[in-house]
Amino acid sequence: MAITRAGGTKPAGGTTTAKGTTTARAVRRARRPRGGAAARVLAAAQAVAAVVVLARLARGRRRLPPLTAPAPERPPGTGDGTPRTWAGGGVADGVAGASPVSGGRAGGGESPGAGASPESGGPAAWIGRGGTPGGGSPEISVVIPARDEERRLGPCLRAVLADPAVAEVIVVDDESSDGTARLAAACGATVVRGRPLPEGWVGKQWALHQGLREARGEIVVTLDADTRPRPGLFGALAAALGHHDLVSAGPRFVCDGLAEQALHASFLATLVYRFGPIGPPTPPPPHRVVANGQCLAFRREAMRRADGFARVRGHMTDDVALARALAADGWRVGFLDAGGLLEVDMHESAAEVWREWGRSLPLRDVTRPAWQAADLAVVWLAAALPALRLAAGRPTRLDLALLAVRVLLATALRRSYTRPGAGVMLSLLLDPATAVRLTQATLRPVRTWRSRAYGLGRPGSADTVTCGARPGPPDRNAAR
């Protein structure tokens, strides 16, 4: 019996020989360090991502208050009984903590009184249509670039034209094939027939460049056709320019379907994870500035001198490119919450959210490769991985903590939607799919927009342009 065991045979009853036991233990020891090391590296990376996310979310505790509509007032000493809107007082409180713009920088200190009350002894800030009644407030021009927007431009135009703070409305018809120009003229807007797209330009920047050249107001506000401004937005933006050189407004989103809202909220959460909440009290470095091109406000002459739209002519992510270029020049860029004054109906379905918003959110053409990799790592480690492990039934304690943070974020994001439903809270289940889409768009960027395909030349340029069939406008937007 002893000889049999020494020889390594397997006795009856299934016991293992000494030689077999030693071999099995050696194999386990050889495997354990490799697997354990990989797991420890992944856990450490996830812990770093969690710290980064928590630090960014913590900025929301001190963010600037949202823009609010200025209260209608009557300027002192006027007896005509005509109401005016004062773009100071309450709106200035909405940007408390920001120091006034100095007059030594581009765009700074040129506009009298936006955000200053008449009682302060400074320039008055009364906003009225068609001039500068009651003390010389700046005129506001609204520029709307439009390409085949006949079915959703009307609600935007009616809201803008009804606001007494707006002096003129310019619609730049970007070679539309439908009745966009006819509708804009019938509503009372000034229609600028867009010239053919030059080589190296993306269509929206070219349209805005032309609109800026036609604008007469001291302050220019650019809007997308799918925006729905509420009364007081333009006075609030004018007041905010007393503290910033470029103001970008964060809207409230219209997302009706369950799947559409869930996917949209998941994409929105990745922006917060990468850049933090909007309205940071301390401006980020220029290469991390973000903006929303659906609504921008700036001083006309300052933007003309900066030649901003021409400088970002070839960028698909035009809004962030513009904000970062101007921030690098010393402009004070403010990304402020305007959810109570602006709504946007961007997409009609979850498929459109996946295709269109997923295309632009990686910010590939305005972000350095190292930052792209870091941002994707944060999304994968802090959002996608916990959801995947939860689905597999194997979440770690850190996963559960990150999932709890994600639930709190989803609760906060409900305020970003006009009709928040179950989709916002269920959005965390789609975080893995969102991470896949962001990675895909980063590795294989798409340079098509509004039926135009832009050539892939040097980064940030549009070398060639081809036009195809124009997509039909969303039916839901047409009904609003």
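Conventions adopted
- Residues numbered from 1 in each chain as written.
- Predicted model: local features only at pLDDT ≥ 70, side-chain atom pairs only at ≥ 80, totals over all residues.
- Heavy atoms only, no water.
- Phe/Tyr/Trp six-rings, centres within 6.5 Å; stacked < 30°, edge-to-face > 60°.
- Helix = DSSP H or I, 4+ residues; strand = E, 2+ residues; numbered from the N terminus.
- Buried < 20%, exposed > 50% of the residue type's maximum accessible area, 1.4 Å probe, protein only.
- Core = buried A, V, L, I, M, F, W, Y, C linked by side-chain atoms within 4.5 Å.
- Contact = heavy atoms within 4.5 Å.
- Pairing = 2+ DSSP bridges.
- Axes fitted to C-alpha atoms, helices over the stretch in contact; angles between N-to-C directions.
- Parallel < 35°, antiparallel > 145°, perpendicular 65-115°, else oblique.
- Left-handed = near helix turned anticlockwise from the far one by under 90°.
- Nonpolar A, V, L, I, M, F, W, Y, C, P; charged D, E, K, R; others polar.
- Patch = residues over 30% accessible without salt bridge, like charges linked within 9 Å, V, L, I, M, F, W, Y side chains within 5 Å.
- Areas by Shrake-Rupley, 256 points an atom, 1.4 Å probe, with all protein chains shown as cover.
- Salt bridge = Lys/Arg side-chain N within 4 Å of Asp/Glu carboxyl O.

**Q** How should I be thinking about the packing of aromatic side chains in this particular structure?
**A** Think of a pair of aromatic rings as described by two things: how far the centres are apart, and how the planes are tilted against each other in angle. Evaluation of the coordinates by the stated rule reveals five aromatic pairs. Ring centres of F253 and W357 lie 6.1 Å apart, and the angle between their planes is 55°; on these two criteria the pair is classed as tilted. A residue pair is termed long-range when its members are at least 10 positions apart, and F253 in strand β10 (residues 252-253) and W357 in helix α12 (residues 350-360) qualify at 104 residues. Across the pair, exposure class does not vary: F253 and W357 are buried alike. With 6.0 Å between their ring centres and 45° between their planes, F253 and Y417 make a pair best called tilted. Of the two residues, F253 sits in strand β10 while Y417 sits in the loop between α14 (397-413) and α15 (422-426), which places them 164 residues apart along the sequence. Of the two residues examined, F253 and Y417, each falls in the buried class. Chaining the aromatic ring pairs together yields one cluster made of F253, F267, W357 and Y417.

**Q** Even after reading the chapter, I still don't get the nonpolar core, so can you show me in this structure?
**A** Here is a general trend for soluble globular proteins: nonpolar side chains tend to be buried in one another's company. Counting residues in hydrophobic clusters, the biggest one holds 35 residues, and the most contacted among them are V142, I144, V221, L223, F234 and L237. Broken down by secondary-structure element, the contributors of at least two residues to this core are β4 (140-146), α4 (153-161), β5 (168-173), β7 (219-223), α7 (233-240), β9 (246-250) and β11 (295-299). Ranked by residues supplied to this core, first place goes to α7 with six residues. Excluding anything up to four places from it in sequence, L237 contacts L67, V221, V247, A249, C295 and A297. Ranked by size, the runner-up nonpolar core spans 33 residues in total, among them C255, A269, M346 and L376.

**Q** Explain unusual backbone geometry to me, please; I cannot follow it from the model alone.
**A** Glycine aside, residues mostly have negative phi, and peptide bonds are mostly found in the trans state. Although it is not a glycine, D148 sits at a positive phi angle of roughly 55°. With respect to the helices, strands and loops of the structure, D148 is situated in the loop between β4 and α4. By relative accessible area, which is 9% here, D148 ends up buried. For E175, which is not glycine, the phi dihedral falls at a positive 55°. Assignment of secondary structure puts E175 in the loop between β5 and α5 (180-187). According to the relative accessible area criterion, E175 is partly exposed, its value standing at 31%.

**Q** Would you mind going over the sheet that holds β5 with me for this structure?
**A** Across a sheet, paired strands are connected by hydrogen bonds in the backbone, their directions being either parallel or antiparallel. A sheet is described by the order of its strands in space; here seven strands give the open sequence β6-β5-β4-β7-β11-β9-β12, paired in mixed fashion. Edge positions in the sheet fall to β6 (190-193) and β12 (333-337), since each has one partner strand and no second. Neighbouring strand axes in the sheet, compared pairwise and without regard to direction, differ in orientation by 20° on average.

**Q** Help me understand the packing of α4 against α5 in this model?
**A** In a pair of packed helices, the angle between the axes and the distance between the axes together describe the arrangement. The N-to-C vectors of α4 and α5 enclose an angle of 25°; their axes lie 10 Å apart at closest approach. Comparing the axis directions of α4 and α5 gives the class roughly parallel. At the point where α4 passes α5, the crossing takes the right-handed sense. Contacts between α4 and α5 pair L153, G154, L157 and L161 from the former with T180, L183, A184 and C187 from the latter. Its residues assigned to classes, the contact of α4 with α5 comprises six nonpolar, two polar and no charged.

**Q** I tried to follow a nonpolar patch on the surface on my own but got confused; where do I start?
**A** On the surface, a nonpolar cluster with roughly 290 Å² of combined accessible area is contributed by L258, L426 and L429. Secondary-structure assignment places L258 in helix α8 (residues 258-275). Assessed through its relative accessible area of 51%, L258 is described here as exposed.

**Q** I'm lost on the sheet that holds strand β13 (residues 342-344) in this one. Help?
**A** Across the sheet, three strands lie side by side as β8-β13-β10; this open sheet has mixed pairing. Two strands in the sheet have a free side with no partner beyond their single neighbour: β8 (227-229) and β10. When β8 meets β13, the two strands line up antiparallel, connected through three bridges. Bridge assignment links P229 to a residue of β13, and that residue is L342.

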